[in-house]
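Each chain is listed here by its residues.
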Amino acid sequence: VLCSAVSSHMIAALAKSEGVHWEETLTGFKWLCTRSVALREEGYEVLVAYEEAIGFCVGGLVNDKDGVSAGAVFAEMAGYLRRTHNGRTVVGHLNELYARLGQFTQNNGYVICRNPKTTAAIFGRLRAGAYDKGGAVNGSAIVWVRDLTTGVDTDAADGKATLPLSSSSHMISYRLENGATFTLRGSGTEPKIKWYAEMVGTDRAATVTALQGLVDVVLEDMLQPKLNGLEMRK
């Protein structure tokens, strides 16, 4: 199974629990499906590839984002759950997965930044040292940084990212000591700086609240919307 680097890693937790191989790629189905082809050539059966913005590639019939085949499989799953699990609903099944894997919660969005130089300055400040590994966000230490613009990955043995780099765009991911992860990324097609944040907890309401608190700090302290003239999404 595959997902993009900004998608929920609940699929990674599910894969680990089932003994299934998982990988992540850059954003976009050209990356997901290219890797799917390569994995099939290596002898893997690729069950699903998905991206955060509601994109799914199920199986190998259509090697691209395809809601028609995904919808058919979803309907088949709903019927299977109802027949074989005492009338279980899809929502009921999702809640069972949350109970088993943890309450995975996402908070994604964007701000408008109309000046590319401002975007570059914002990411330049993030790379200037305060938000390196060992720094802190919202009171939690930064334990991992991956910068797919400069090629840094603090988890790698050689300190270098394995995913492809793009020197013409900005994308930095962080993991905190409390387990929260978030990515800041400049859009390649729109005047936006996007954020993708995720946290796992045992209580959903508490996790949603904690994640919102983290996002508020990321926006205010890291992106500095008032200082940089950013337009908040309405």
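Residues numbered from 1 in each chain as written. Predicted model: local features only at pLDDT ≥ 70, side-chain atom pairs only at ≥ 80, totals over all residues. Heavy atoms only, no water.

Q: Where do I start with the overall build of the protein chain in this structure?
A: Counting its secondary structure elements, the protein chain contains seven helices and twelve strands. Here the C-alpha radius of gyration of the protein chain, 19 Å, is about what a compact globule of 234 residues would show, namely 17 Å. Considered along the principal axes of its C-alpha atoms, the protein chain spans approximately 55 × 40 × 40 Å. Within the protein chain, buried positions represent 42% of all 234 residues. For the protein chain, the exposed surface amounts to about 12,700 Å²; the carbon and sulfur share of it is 55%. Each charge class in the protein chain can be summarised by its mean position, and for the 24 positive and 25 negative side chains these summaries are 5 Å apart. (Helix = DSSP H or I, 4+ residues; strand = E, 2+ residues; numbered from the N terminus. Rg over C-alpha atoms; globule rule 2.2 N^0.38 Å. Buried < 20%, exposed > 50% of the residue type's maximum accessible area, 1.4 Å probe, protein only. Areas by Shrake-Rupley, 256 points an atom, 1.4 Å probe, with all protein chains shown as cover. Lys, Arg positive; Asp, Glu negative; His and termini not counted. Charge placed at Lys NZ, Arg CZ, Asp CG, Glu CD.)

Q: Honestly, the side chain of Thr25 in this entry has me stumped. Any pointers?
A: One can find Thr25 in strand 2 (residues 23-25). Note on Thr25: relative accessible area 5%, which makes it buried. When neighbours within four sequence positions are excluded, Thr25 is seen to be in contact with Leu2, Cys3, Ser4, Ala5, Trp31, Leu32, Arg35 and Leu163. (Contact = heavy atoms within 4.5 Å.)

Q: Explanation requested: the environment of Asp132 in the structure shown.
A: Following the sequence through the fold, Asp132 ends up in the loop between helix 5 (116-126) and strand 6 (136-137). Asp132 gets classed as partly exposed once you look at its relative accessible area, which sits at 37%. In this structure the C-alpha to C-alpha distance between Asp132 and Lys160, which are 28 residues apart in sequence, comes to 15 Å. Setting aside residues no more than four positions away along its own chain, Asp132 makes contact with Arg127, Ile142 and Val145.

Q: I keep staring at the pattern of salt bridges and nothing clicks. Help me out?
A: Pairing of side chains with opposite charge becomes possible as their charged atoms draw close. Under the criterion given, the structure shown has nine salt bridges. Residues Glu96 and Arg100 are paired through a salt bridge, measuring 3.7 Å at the closest nitrogen-oxygen approach. Within this pair, Glu96 and its partner Arg100 are both found in helix 4 (residues 90-101), separated by four residues, close to a single helical turn. Assessed through its relative accessible area of 42%, Arg100 is described here as partly exposed. Through salt bridges with shared partners, a single ionic network connects Glu18, Glu96 and Arg100. (Salt bridge = Lys/Arg side-chain N within 4 Å of Asp/Glu carboxyl O.)

Q: Where do I start with the packing of aromatic side chains in this structure?
A: Each aromatic ring pair is summarised here by two numbers: the centre-to-centre distance and the angle between the ring planes. Under the criterion given, the structure shown has two aromatic pairs. A centroid spacing of 5.9 Å and a plane angle of 15° characterise the contact between Tyr50 and Phe56, whose relative ring orientation is stacked. Taking the relative accessible area as the measure of exposure, Phe56 reaches 34% and is therefore partly exposed. The interplanar angle of 25° and the centroid separation of 4.9 Å between the aromatic rings of Tyr174 and Phe182 together place this pair among those described as stacked. What makes Tyr174 buried here is its relative accessible area of 1%. Classification of Phe182 as buried rests on a relative accessible area of 3%. The cationic tip of Arg204 hangs over the ring face of Tyr98; the distance from NZ or CZ to the ring centre is 4.5 Å. (Phe/Tyr/Trp six-rings, centres within 6.5 Å; stacked < 30°, edge-to-face > 60°. Lys NZ or Arg CZ within 6 Å of the ring centre and 35° of its normal.)

Q: Just checking my understanding: could you explain the pairing of strand 5 (residues 103-112) for this structure?
A: With seven of its ten residues buried, strand 5 lies for the most part within the structure. Pairing of strand 5 with strand 11 (residues 192-201) involves ten bridges; the strand directions are antiparallel. Paired with Gln103 across the strands is Gly201, a residue of strand 11. Strand direction decides the pairing type here: strand 5 and strand 12 (residues 231-232), joined by two bridges, are antiparallel. Bridge pairing links Val111 to Met232 in strand 12. (Pairing = 2+ DSSP bridges.)

Q: Help me understand the nonpolar core, please; the structure alone is not making it clear to me.
A: What tends to happen in soluble globular proteins is that the nonpolar side chains get buried as a cluster. Counting residues in each nonpolar core, the largest one holds 28 residues, and the members touching the most others are Val137, Tyr174, Phe182, Leu184 and Met222. Those elements that provide at least two residues to this core are helix 5, strand 7 (140-147), strand 9 (171-176), strand 10 (181-186), strand 11 and helix 6 (204-223). In terms of residues, this core owes the most to one element, helix 6, which gives eight residues. (Core = buried A, V, L, I, M, F, W, Y, C linked by side-chain atoms within 4.5 Å.)

Q: Help me understand the packing of helix 1 (residues 10-18) against helix 4, please; the structure alone is not making it clear to me.
A: How two helices sit against one another is set out by the angle between their axes and by the gap between those axes. The contact between helix 1 and helix 4 brings their axes to 11 Å, and the two run at 75°. The orientation of helix 1 with respect to helix 4, classified from their angle, is roughly perpendicular. On the side of helix 1, the interface is formed by Met10, Ala13, Leu14, Ser17 and Glu18, while helix 4 contributes Leu94, Leu97, Tyr98, Arg100 and Leu101. (Axes fitted to C-alpha atoms, helices over the stretch in contact; angles between N-to-C directions. Parallel < 35°, antiparallel > 145°, perpendicular 65-115°, else oblique.)

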